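# Overview (structure and organization)
Each chain is listed here by its residues.
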Amino acid sequence: MRIARHLLDGQPALAIVTDDGLATLQTAHTDLTSLLDACDGNVVAAVEAMATGAVTPLDEADLLSPVGRPPTVLAVGLNYRAHAAEGGREPPSVPIIFNKHHNCIVGPGDPIHIPAAAPDVVDYEGELAVVIGRAARAVSAADAPDYIAGYTIMNDVSVRDWQRASPTMMMGKSWDTHGPCGPWMVTSDSLDPHGCRLVTEVSGEVRQDAKTDDLIFNCYEIVEHLSTAFTLDPGTIIATGTPAGVGLYFDPPRLLSPGDEVSITIEGIGTLTNPVIAEPNA
């Protein structure tokens, strides 16, 4: 099942993606965060009963990030073997975790801003993202699938100079618009997250092409690691890392600039596309 969020009559609404388009859910919930909290992990059964609203053809839909207000956005650094190698780094022995501020989230088609204050080293990172379905604390890797609502795509846009200036990386990872997410969430019963092909294109040129079986720490191991320390709330997004092919490591580097368009396709989910523009005046 694919669960989307879109604008309907100017207001956010949840829907399932069908062959005919987006079938809006008859519910007061307008974000996956609150819906998942109310479902306590039984999102597929709950959503099937709610999908009785108006149907919007997909080519007419104004899609939003499936999770608009996540309680937190967590991410894993250097989590593909080939990506660690392209940067001359040894594979980490424990997951490298950092935060992205939740205001970075934007949806499909929304522009990625090249910041006026840091315009020179803005990079793309195509990533598989986990969406937590119910409160998870001290969850084993074996039990983690029961706590994952589904999977989506995230572009972990990175301002490399700001990233390198901060040991936590957060300041280089959290600029407004630097967390495109979507186009929808595929429920966990519909996808094997560890056998997907991930392709990132910049203005039609393939930059990243990998399989998620190159993850150093898989999705379930990441949930185990994080939930050992703290509770993962429903709606939490976890970006699981990017494969080789980021712009920084080309020779010369091939970073983002206004006029570019970034498309990330993950097999079994879909494609997330966002244009790149100069940051508008406040």
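Here, every reference points to the structure presented above.
Residues numbered from 1 in each chain as written. Predicted model: local features only at pLDDT ≥ 70, side-chain atom pairs only at ≥ 80, totals over all residues. Heavy atoms only, no water.

For the rest of this paragraph, the subject is the overall build of the chain. Each helix and strand in the chain was counted, giving six helices and 19 strands. For the chain, whose C-alpha radius of gyration is 18 Å, the value lies close to the compact-globule estimate of 19 Å for 282 residues. For the chain, the spread of C-alpha atoms along the three principal axes comes to 50 × 45 × 30 Å. Among the 282 residues that make up the chain, the fraction classed as buried is 53%. When contacts within the chain are restricted to residue pairs at least 6 apart in sequence, those whose partners lie at least 24 apart make up 76%. As displayed, the chain offers around 11600 Å² of accessible surface, 49% of which is attributable to carbon and sulfur atoms. Distance between charge centroids for the chain: 6 Å, based on 15 positive and 37 negative side chains. (Helix = DSSP H or I, 4+ residues; strand = E, 2+ residues; numbered from the N terminus. Rg over C-alpha atoms; globule rule 2.2 N^0.38 Å. Buried < 20%, exposed > 50% of the residue type's maximum accessible area, 1.4 Å probe, protein only. Contact = heavy atoms within 4.5 Å. Areas by Shrake-Rupley, 256 points an atom, 1.4 Å probe, with all protein chains shown as cover. Lys, Arg positive; Asp, Glu negative; His and termini not counted. Charge placed at Lys NZ, Arg CZ, Asp CG, Glu CD.)

Bringing helix 6 (residues 219–229) into the picture now. Within helix 6 the residues assigned to the buried category are Cys219, Ile222, Val223, Leu226 and Ser227. Considered in projection along helix 6, the buried side chains sweep an arc of 115° and stay on one side of the axis. Turned more than 90 degrees off the buried face of helix 6, the exposed positions are Thr228 and Ala229. A distance of 3.0 Å separates the backbone nitrogen of Tyr220 from a side-chain oxygen at the start of helix 6, and that oxygen is part of Asn218. (Arc of directions from axis to C-beta. Polar contact = N/O pair within 3.5 Å; in protein donor to acceptor, adjacent residues only side chain to side chain.)

Below, the discussion takes up the pairing of strand 12 (residues 148–155). Across the eight residues that make up strand 12, a large majority, eight, are buried. Both strand 11 (residues 126–132) and strand 12 contribute to a ladder of seven bridges, which runs antiparallel. By the bridge assignment, Leu128 is partnered in strand 12 with Ile153. (Pairing = 2+ DSSP bridges.)

Moving on: the sheet that holds strand 18 (residues 261–266). Judged by pairing direction, the sheet is mixed, and its five strands sit side by side in the order 9-19-18-15-16 without closing on themselves. Each of the sheet's edge strands pairs with one partner strand only, and the pair in question is strand 9 (112–114) and strand 16 (205–211). On average, each strand axis in the sheet is tilted by 20° relative to the strand beside it, whichever way the strands run. (Axes fitted to C-alpha atoms, helices over the stretch in contact; angles between N-to-C directions.)

Time to look at the packing of helix 1 (residues 32–39) against helix 2 (residues 43–50). Running from N to C, helix 1 and helix 2 point in directions that differ by 110°, and their axes come no closer than 9 Å. Considered as vectors, helix 1 and helix 2 are oriented roughly perpendicular to each other. Crossing of helix 1 against helix 2: the hand is right-handed. Judged by residue contacts, Leu35, Leu36 and Cys39 of helix 1 engage Val43, Ala46, Val47 and Met50 from helix 2. Along the lines of polarity and charge, the residues of the contact of helix 1 with helix 2 split into seven nonpolar, no polar and no charged. (Parallel < 35°, antiparallel > 145°, perpendicular 65-115°, else oblique. Left-handed = near helix turned anticlockwise from the far one by under 90°. Nonpolar A, V, L, I, M, F, W, Y, C, P; charged D, E, K, R; others polar.)

Moving on, we get to the nonpolar core. Ranked by size, the top nonpolar core spans 48 residues in total, and within it Tyr151, Val223, Leu232, Ile238, Leu256 and Ile269 carry the most contacts. A per-element tally of this core places helix 6 first, with four residues. When near neighbours in sequence (up to four residues on either side) are disregarded, Leu232 contacts Leu74, Ile132, Arg134, Ala135, Ala136, Val223, Leu226, Ser227 and Ile238. Residues Leu14, Val43, Ile105 and Met185 belong to the second largest nonpolar core, which totals 27 residues. (Core = buried A, V, L, I, M, F, W, Y, C linked by side-chain atoms within 4.5 Å.)

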